[in-house]
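Residues per chain, in single letters:
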Amino acid sequence: MKEKNAIEPVCAVDYAFKRIGGKYKGRLIWYLYNHEVMRYGELRRAIKDITPKMLTQTLRELEEDGLILRKVYYEVPPKVEYTLTEVGMELIPFIQYLKDWGNKQLEKSNLPAIEASCG
């Protein structure tokens, strides 16, 4: 018989992809790595195909997962900056590897890579 509060084992691959999977999370992490500190408007301009609602939601998820830090400056107008946390920085070698792999696959398929959208 299982205990009521027993914690079920979790697949590490599923856990990782839940935290960084999706269309924009990897790109946001990569942009913050390349720019160190970015404001909401800068992120919005950098990722042209994201809606404001989706950007806000994705930033919230990344913050809840401890991958980015949101710093609010209480001034007029209010200013908010985003940076990677130490945990977020740990992902950079893997994202770099995926980016390199993606570039190779694009090359093999004779598709142009858009460096500007990847930082």
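Each remark here, short or long, concerns the structure printed above.
Conventions and cut-offs
Residues numbered from 1 in each chain as written. Predicted model: local features only at pLDDT ≥ 70, side-chain atom pairs only at ≥ 80, totals over all residues. Heavy atoms only, no water. Helix = DSSP H or I, 4+ residues; strand = E, 2+ residues; numbered from the N terminus. Buried < 20%, exposed > 50% of the residue type's maximum accessible area, 1.4 Å probe, protein only.

Participant: How should the environment of G22 be read in this particular structure?
Facilitator: Along the chain, the position of G22 falls in the loop between α1 (12-20) and α2 (25-35). G22 sits in the exposed class, given a relative accessible area of 66%.

Participant: Would you explain unusual backbone geometry in this entry?
Facilitator: Apart from glycine, the bulk of residues carry a negative phi angle, and the bulk of peptide bonds sit in the trans form. The amide bond that connects V76 to the next residue, P77, takes the cis arrangement and shows omega of -10°. Looking at the element boundaries, P77 is found in the loop between β2 (68-73) and β3 (79-84). At E36, a residue that is not glycine, the phi angle is positive and equals roughly 65°. Along the chain, E36 turns up in the loop between α2 and β1 (38-39). Its relative accessible area of 62% is what places E36 among the exposed residues. Notably, N110 is not glycine yet its phi reads approximately 55°, a positive angle. When you line up the elements, N110 lands in the segment after α6 (92-108). For N110, a relative accessible area of 71% puts it in the exposed group.

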